[in-house]
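Chain residues, written in single-letter form:
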Amino acid sequence: MRPMGVRSATLSAPGLVHKAGPVRIFNTLTRRKEVVKPLKDKRLGMYACGLTVYDFAHIGNLRTYVFEDVLRRVLEFNGFKVKHVMNITDVGHLTSDADTGEDKMELGARRERKTAWEISERYAKLFLQDEAMLNIEKPQIIPKATDHIGEMIKLIRLLEKKGYTYVTDDGVYFDTSKSRGYGKLARLKLGGMMPGARIEANPQKRNPSDFALWKFSPKGSKRDMEWNSPWGVGFPGWHLECSAMSMKYLGKTFDIHCGGIDHIPIHHTNEIAQSEGATGKKFVNYWVHAAHLIVEGKRMAKSLGNFYTLSTITDKGYDPMSLRFFYLQAHYRRELNFTYEALDAARNAIESVQEFVRKLNEHEGPKSDTRVQAMILHTGVRFVKAMNDDLDTPEALAVLFRFIGEMNRFMDEDLVSKADAKTALKLMFLFDRILGLNLKRSLEKAVLPERAKELIEERERARKIGDYAHADAIRRRLRDEFGVALEDTPQGVKWKKSQVPAS
Ligand SMILES: [Zn+2]
């Protein structure tokens, strides 16, 4: 007689979801957790504000993108078909939120003595590489602002026709006093001190919270990026691009818009004002925001020397998956403090998970126990329940580690059959569809290619003569070309297969 196993129909994404209940997510608009209900069938449109590509993404930016990836994975696990759009901001994002200051792209161009176009191409490419290293599912559509100038001009024309705009010496502005419910996302009071209100703000602005839709190129100078418009040569305001591109790809009203909490009072508030002003329809149903990341207790800043990028961390020998795991340990709506001690702890934790996966895979045992099967199923439901409850990743990971502890105990007591171990392994891989830690790679036998061996030796020679720049360049090459991560230990250099495939 076959031992009664966990029915495979139950141990599947739909089976677990059926028992765990629907996805709830905290909506900034209502300040409540709400059940996610799509506008249409099981389809969800999701827009995420992408990076302003004038510099590397820092680990605070990347936290937000990992959070959005987990959100998408949870929704997909629940059977939704997600259309994920993430823009690339390559023009018009000024250094000051008050529509003064410099275009960050021009700033980057001057810093590196290149054109804004070259800067955009370089950092957009590096950003998408970082995303791939962190195992972030690629958004289906990644539109660039500079490819959508026509759509943005059309949107300004529509707003102009409806009486929302006025022109000053330096640009075309949106009159926020004409926008019904302006500031509802951030619960701002119009007329009070707005975050956009600064002393240096344009004196021709009618209200402190008014914002630029189009800025004119400065008189007598030519920008790298500028376009003709019915109002004069110039470039679009930053907020406008997200309204134009999100509505182009997802419709006038769509389901989910996400980003970092710093976007709530100005950027997302202004997106709502322009979009709803232009269409007369509700712009977005669910607004979802990730909290900040700080580094060693401080805000990240170049001047403090704590502007950390993914390379800062991988250059020290950490696998990108350790960073991903570190992010997952905190709830996305809580501020997260990055320290190397915490990253070490995350690395140890993920290594113990990988070890467990290998152990399950190799486990042999004749005996089967119904308690084991019940525990596997129970764990599956609890994990999905935690994830469906506003992406409670700390709770989901706690469930996962309890599971590892209990399975280890059952294995020690010889109560786990080979088939049950395989069922447990299947559950781990189901979890990983949400966590995105590339656990399947733990089972791959690592073989080092000849060329990689030579490079490791070359790096050792470089280190001996103190040429650390060359040594670091080789480390990066090993990572990028061979997916090999190096660690320098007192016993010499150790290598392992990185959890992400070389791209
Ligand atoms: Zn945006």
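The structure under discussion appears in the preceding block.
**Student:** Would you mind going over the nonpolar core with me for this structure?
**Tutor:** Looking at soluble globular proteins, one finds that nonpolar side chains tend to be buried together. Counting 145 residues, the largest nonpolar core has Ile-59, Leu-75, Leu-323, Phe-338, Met-407 and Met-428 as its most contacted members. Excluding anything up to four places from it in sequence, Leu-323 contacts Ile-59, Leu-134, Leu-310, Ile-313, Phe-338 and Leu-343. Core analysis: the second largest hydrophobic core is formed by nine residues, Ile-456, Ile-474, Phe-482 and Leu-486 among them.

**Student:** When you look at the sheet that holds strand 8 (residues 234-236) in this model, what are you seeing that I'm missing?
**Tutor:** Strand order in the open sheet formed by four strands is 5-6-7-8, with antiparallel pairing between adjacent strands. Unpaired on one side and paired on the other, strand 5 (165-168) and strand 8 mark the two borders of the sheet. Across the sheet, the mean angle separating the axes of adjacent strands is 25 degrees when strand polarity is ignored.

**Student:** Explanation requested: the coordination of the zinc ion in the structure shown.
**Tutor:** For the zinc ion, the full set of protein donor atoms is Cys-49 (SG), Cys-242 (SG) and His-267 (NE2), and the range of their distances to it is 2.0 to 2.1 Å. In terms of primary sequence, the donors binding the zinc ion are separated according to C-x192-C-x24-H. Of the two residues, Cys-49 sits in the loop between strand 3 (43-48) and helix 2 (59-77) while Cys-242 sits in helix 6 (residues 238-250), which places them 193 residues apart along the sequence. Residue Cys-49 shares its accessibility class with Cys-242, and that shared class is buried.

**Student:** I'm lost on the side chain of His-263 in this one. Help?
**Tutor:** With respect to the helices, strands and loops of the structure, His-263 is situated in the loop between strand 9 (254-260) and helix 7 (264-279). In this structure His-263 touches Cys-49, Trp-238, His-268 and Thr-269, once residues within four positions along its chain are discounted.

**Student:** Can you walk me through the sheet that holds strand 9 in this structure?
**Tutor:** As a general point, the strands of a sheet are linked pairwise by backbone hydrogen bonds and lie either parallel or antiparallel. As summarised here, the arrangement of the four strands in space is 4-3-9-10, forming an open sheet in which the pairing is parallel. Sheet topology places strand 4 (81-86) and strand 10 (284-290) at the edges, where each strand pairs with a single neighbour. Strand-to-strand twist across the sheet, computed as the mean angle between neighbouring axes with direction ignored, equals 20 degrees. Where strand 3 meets strand 9, three bridges bridge the pair, whose relative direction is parallel.

**Student:** Any chance you could explain a positive patch on the surface here in plain terms?
**Tutor:** Judged by side-chain charge, Lys-161, Lys-162, Lys-252 and Lys-281 come together as a positively charged surface patch. Here Lys-161 is to be found in helix 5 (residues 149-161).

**Student:** When you look at the layout of surface pockets in this model, what are you seeing that I'm missing?
**Tutor:** Which parts of space are left empty comes out when a probe the size of a water molecule is rolled across the atoms. Taken as a whole, the largest pocket encloses approximately 1,100 Å³ of empty space. As for the largest pocket, its lining consists of 37 residues, of which His-58, Asn-61, Lys-104, Asp-262 and His-263 are closest to the centre. For the lining of the largest pocket, the secondary-structure elements that each account for two or more residues are helix 2, helix 3 (104-112), strand 9 and helix 7. At four residues, helix 2 tops the list of elements feeding residues into the lining of the largest pocket. Here the residues of the lining of the largest pocket are counted per class, giving 15 nonpolar, 15 polar and seven charged.

About the criteria used
Residues numbered from 1 in each chain as written. Predicted model: local features only at pLDDT ≥ 70, side-chain atom pairs only at ≥ 80, totals over all residues. Heavy atoms only, no water. Core = buried A, V, L, I, M, F, W, Y, C linked by side-chain atoms within 4.5 Å. Buried < 20%, exposed > 50% of the residue type's maximum accessible area, 1.4 Å probe, protein only. Contact = heavy atoms within 4.5 Å. Pairing = 2+ DSSP bridges. Helix = DSSP H or I, 4+ residues; strand = E, 2+ residues; numbered from the N terminus. Axes fitted to C-alpha atoms, helices over the stretch in contact; angles between N-to-C directions. Donors = N, O, S within 2.8 Å, 3.2 Å for Na, K, Ca; no water. Patch = residues over 30% accessible without salt bridge, like charges linked within 9 Å, V, L, I, M, F, W, Y side chains within 5 Å. Areas by Shrake-Rupley, 256 points an atom, 1.4 Å probe, with all protein chains shown as cover. Salt bridge = Lys/Arg side-chain N within 4 Å of Asp/Glu carboxyl O. Lys, Arg positive; Asp, Glu negative; His and termini not counted. Charge placed at Lys NZ, Arg CZ, Asp CG, Glu CD. 1 Å grid on protein atoms, 1.4 Å probe; cavity = no way out; pocket = protein on both sides within 12 Å on 5 of 7 lines; lining within 4 Å. Points joined across faces, edges and corners; volume = space filled by probe spheres on them. Nonpolar A, V, L, I, M, F, W, Y, C, P; charged D, E, K, R; others polar.

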